[in-house]
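So you can see what is in the structure, the chains are spelled out below.
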Amino acid sequence: MNGKKGFIRMTKQRKVILDILRNTKSHPTADWVYEKVKQKIPNISLGTVYRNLNILNDMGEIMELNYGSAYSRFDGNPENHYHFVCENCGRVFDLDEQVNKEIDKRIEEKTGFSVKYHRLEFYGICSECREE
Ligand code: ZN
Ligand code: MN
């Protein structure tokens, strides 16, 4: 999440990865990002892409969406927002829905914890898959 900008240098590799993520709405996997990066930096390795994705996430420039141990997806928009995950095609959609700040306050009041953010994911079948 945000708040850690400026501690780590923005290298050319990171800039290329960031541009790719900022220009897609597909919430891609690291493998997908790797295929795109290779078109611009042919000799880059998958490991380097993974490492830079983690660094960009630490920098607060992107958001990692963790769906269990098997795979993560990456989002070029680091601001908190909600997602819908289609259980049929696996696509992840942004939802035009305001983030509920009230719930953070309520949890803080109930627990005495300090809430930074919350994640909310909706699961079901997307409209395209429903038509099939
Ligand atoms: Zn679908
Ligand atoms: Mn998103």
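Rules used throughout
Residues numbered from 1 in each chain as written. Chains lettered and ligands numbered in written order. Predicted model: local features only at pLDDT ≥ 70, side-chain atom pairs only at ≥ 80, totals over all residues. Heavy atoms only, no water. Core = buried A, V, L, I, M, F, W, Y, C linked by side-chain atoms within 4.5 Å. Buried < 20%, exposed > 50% of the residue type's maximum accessible area, 1.4 Å probe, protein only. Helix = DSSP H or I, 4+ residues; strand = E, 2+ residues; numbered from the N terminus. Contact = heavy atoms within 4.5 Å. Arc of directions from axis to C-beta. Donors = N, O, S within 2.8 Å, 3.2 Å for Na, K, Ca; no water. Tetrahedral: all angles 85-135°; square planar, octahedral: opposite > 155°, others 65-115°.

S.K.: Looking at this structure, how should I read the nonpolar core?
M.R.: Generally speaking, a soluble globular protein has its nonpolar side chains buried in company with each other. Membership of the largest hydrophobic core comes to 18 residues, with the highest contact counts inside it found for I17, L21, V37, V49, L53 and I62. At the level of elements, α1 (12-22), α2 (30-40) and α3 (46-59) are the ones that each hand at least two residues to this core. Not counting chain neighbours up to four residues away, the residues in contact with L53 comprise I17, L21, A30, I62 and F74. The next biggest cluster of nonpolar side chains, apart from the first, holds five residues, and it includes M63, L65, Y67 and V85.

S.K.: Which parts of the structure should I look at to understand α2?
M.R.: Since one α-helical turn is 3.6 residues long, residues separated by three or four positions face the same way. Taken as a whole, α2 has its buried residues at A30, V33, Y34 and V37. Down the axis of α2, the buried set is contained in an arc of 105°. They therefore lie on one face. Each element contacted by the buried residues of α2 is listed here: α1, α3 and β2 (71-75).

S.K.: Teacher, can you tell me more about the coordination of the zinc ion (ligand 1) here?
M.R.: Around a metal, the ideal angle is 109.5 degrees if four donors adopt a tetrahedral arrangement and 90 or 180 degrees if six donors adopt an octahedral arrangement. Donor atoms from the polypeptide that bind the zinc ion (ligand 1) are C86 (SG), C89 (SG), C126 (SG) and C129 (SG), placed at 2.3 Å. Because the angles between the four donor atoms bound to the zinc ion (ligand 1) fall within 102 to 118°, the donor set is best described as tetrahedral. Donor residues for the zinc ion (ligand 1) sit on one chain with the sequence pattern C-x2-C-x36-C-x2-C. Of the two residues, C86 is situated in strand β3 (residues 83-86) and C129 in helix α5 (residues 127-131); the sequence distance between them amounts to 43 residues. For the pair shown, C86 and C129 are each scored as buried.

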